[in-house]
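Commentary on secondary and tertiary structure
Here are the chains, one letter per residue:
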Amino acid sequence: MGGYVLKGRVIDGNGGKPIERGVVTVENGRISAVCRESEFRTDARLTEISMPNATIMPGFIDCHTHLTSIGMMPEKLFLRPKYDMLLEAVGDAKKLLEAGFTSAREMCEFGPCLKRAIAKGNISGPKLFVSSRLLSSTSGHGDTCSLIPLEYVQEHNTIAYLVDGVDECLKGARLMFREGADFIKSCSTGGIMSYGDEPDTSEFSLEELKAMVEEAERHNTYVATHSQGTKGILKALQAGVKSIEHGIFLDEKCVELMVKNDVTYDPTVSILRLILANPDEVPQYAYRKGCLAVERHVESVKMAREAGIRIVLGTDFLGGDSETTAFGKQGMEFVSLVEAGLTPMEAIVAATKNGAHLIKKSLETGTLEEGKAADIVLVEGDPLRDISILADATNVRLVMQDGVIKKNTIMSKTC
Ligand SMILES: [Zn+2]
């Protein structure tokens, strides 16, 4: 494998001051040095990659994806052949990588097989940390279309698997581990996109959630919960979950418990804004619920930030025909995080170092440091001055994953 020297402004993902004229070298798939250009000694073995106004950053991590091609109309989940959906997901994985996301935390039935295919190099996509299907109660958030017969839902739902009672929760978690799960995704409340419940509906009992948490801990991993309403967030925290997804209606008690238990917060603001901006592309009930949630969600991000809770970048995008949450547009969430009060540097740390913590890969990726995997993006412009450049994937000019160039729209030369 050839080596590279990338030159430009270096933001290493740790949150400190950038190196304005910096260098990152890559050898054998790993980062071999991060330094000032003045400290770098030209090495003829390395291919130089540089361009004016370049910023070099760690590869991004989307901590909440659903590579299942269902778009924003949940009933579509049941109307299309699974193979078609899987092949679309293959294309979406590539788009996500080319938008700069070299890793992702993925939640649907296709996750484990996509993860294996990407790891083998058969397809291109982010390195995946997967839950397989999320566990939901019957009539709960994952039972998205409760007008469709239950047996059919259980068979064809690529996002959720329905379980009820402590025994089934345990069995469900073990089934997901059998399918290849790296962590367990569950739901402790209703949601925006589900037909039969509300964000403040509380779902699963404390005992059911605890059964999943204990099983995850036996597998040396954790439970993440879709949790929107306050009551259900609190119950999930009491059960011992390690990441709160969405967390729309956080209150002081939630924040206090998250700090105490070192729980990660994965807000998903952009998708709410997209639902409100595209009422014709979503079910009416989702639009109604989205209107009630969006401003409160932004408030929750502010509360979490002030309390020093670890925030990650997650989008909840679902792919499919809908342009609304199309893969490749995930960078929008950087802008949403900054609008919610994070500094541009904090949003970048959320999408890199903090994401790596949540996918349990802190030693491997998430920051530009000697010895780590060369998961690197080079963007045109300075995202610390204008975070919106990260919202447009065309500004991501180079994507490198494990030292292999996966996208390059700049010229390179040997130095
Ligand atoms: Zn989701």
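What you see is a predicted model; the values in this text were computed from it and never measured. (Residues numbered from 1 in each chain as written. Predicted model: local features only at pLDDT ≥ 70, side-chain atom pairs only at ≥ 80, totals over all residues.)

1. Describing the overall build of the chain
Check the secondary structure of the chain and you find 11 helices and 17 strands. Computed over the C-alpha atoms, the radius of gyration of the chain is 21 Å, within 12% of the 22 Å expected from 2.2 N^0.38 for a compact globule of 415 residues. Projecting the C-alpha coordinates of the chain onto the three principal axes gives extents of approximately 65 × 45 × 45 Å. When burial is assessed residue by residue, the chain has 57% of its 415 residues classed as buried. Contacts spanning at least 24 positions in sequence make up 70% of the contacts within the chain whose residues lie at least 6 apart. (Helix = DSSP H or I, 4+ residues; strand = E, 2+ residues; numbered from the N terminus. Rg over C-alpha atoms; globule rule 2.2 N^0.38 Å. Buried ≥ 20, exposed ≤ 12 C-beta atoms within 10 Å, placed from the backbone. Contact = placed C-beta atoms within 7 Å.)

2. Topic: the domain arrangement of the chain
Domain assignment breaks the chain into domain 1 (3-58 + 366-414) and domain 2 (60-358). The straight-line distance from the C-alpha centre of domain 1 to that of domain 2 is 30 Å. Counting residues at the interface gives 23 residues for domain 1, matched by 24 residues for domain 2. At the level of secondary structure, the elements contributing two or more residues to the side of domain 1 that touches domain 2 comprise β4 (46-58), β15 (396-401) and β16 (404-408). Looking at the side of domain 1 that touches domain 2, the element that brings in the most residues is β15, giving three residues. (Domains from an automatic or database assignment.)

3. Examining helix α8 (residues 269-277)
Among the residues of α8, Val-269, Ser-270, Ile-271, Leu-272, Leu-274 and Ile-275 are the ones counted as buried. Those residues of α8 hidden inside the fold are in contact with α9 (284-306) and α10 (332-339).

4. A word on helix α5 (residues 206-218)
When the terminal C-alpha atoms of α5 are compared, their 18 Å separation across 13 residues agrees well with the 18 Å that a helix rising 1.5 Å per residue should span. Within the sequence span of α5, burial applies to Glu-208, Leu-209, Ala-211, Met-212, Val-213, Glu-215 and Ala-216. Turning to α5, the residues buried within the fold contact β8 (134-136), α4 (165-179), β10 (184-187), β11 (223-227) and α6 (230-239). The positive-phi residue at the C-terminal boundary of α5 is Asn-220, with phi of around 55°. (Expected span 1.5 Å × (residues − 1).)

5. Some details on the sheet that holds strand β6 (residues 101-106)
Each strand in a sheet pairs with another by means of backbone hydrogen bonds, the pair being arranged parallel or else antiparallel. Taking strand neighbours across the sheet as the criterion, the three strands line up as β5-β6-β7 in an open arrangement whose pairing is parallel. The outermost strands of the open sheet, each flanked by one partner alone, are β5 (60-65) and β7 (127-130). Strand-to-strand twist of the sheet, defined as the mean angle between neighbouring strand axes without regard to direction, takes the value 20°. The pairing of β5 with β6 spans four bridges and is parallel. Bridging from a neighbouring strand, Ile-61 pairs with Ser-103 of β6. (Pairing = 2+ DSSP bridges. Axes fitted to C-alpha atoms, helices over the stretch in contact; angles between N-to-C directions.)

6. Remarks on the packing of α5 against α6
α6 packs onto α5 with a crossing angle of 45° between their chain directions and a minimal axis gap of 8 Å. With respect to their mutual orientation, α5 and α6 come out oblique. As α5 packs across α6, the resulting crossing turns out to be right-handed. Residues Leu-206, Leu-209, Lys-210 and Val-213 of α5 lie in contact with α6, whose contacting residues are Lys-235, Ala-236, Gln-238 and Ala-239. Residue composition of the contact of α5 with α6, grouped by class: five nonpolar, one polar and two charged. (Parallel < 35°, antiparallel > 145°, perpendicular 65-115°, else oblique. Left-handed = near helix turned anticlockwise from the far one by under 90°. Nonpolar A, V, L, I, M, F, W, Y, C, P; charged D, E, K, R; others polar.)

7. Describing unusual backbone geometry
One non-glycine residue with positive phi stands out, namely His-246, at about 75°. Structurally, the position occupied by His-246 is in strand β12 (residues 243-246). The class for His-246 is buried, based on 29 C-beta atoms found within 10 Å. For Lys-360, which is not glycine, the phi torsion reads 60° and is therefore positive. As for its placement among the helices and strands, Lys-360 is situated in the loop between α11 (344-358) and β14 (376-380).

8. Here's the deal with the environment of Ser-146
Along the chain, Ser-146 falls in the loop between β8 and α3 (150-156). Under the C-beta neighbour-count criterion, Ser-146 is labelled partly exposed, with 14 such atoms within 10 Å. Distance in space between the C-alpha atoms of Ser-146 and Gly-196 is 6.4 Å, their sequence separation being 50 residues. When sequence neighbours within four positions are dropped, the list of residues in contact with Ser-146 reads Ser-139, Tyr-195 and Gly-196.

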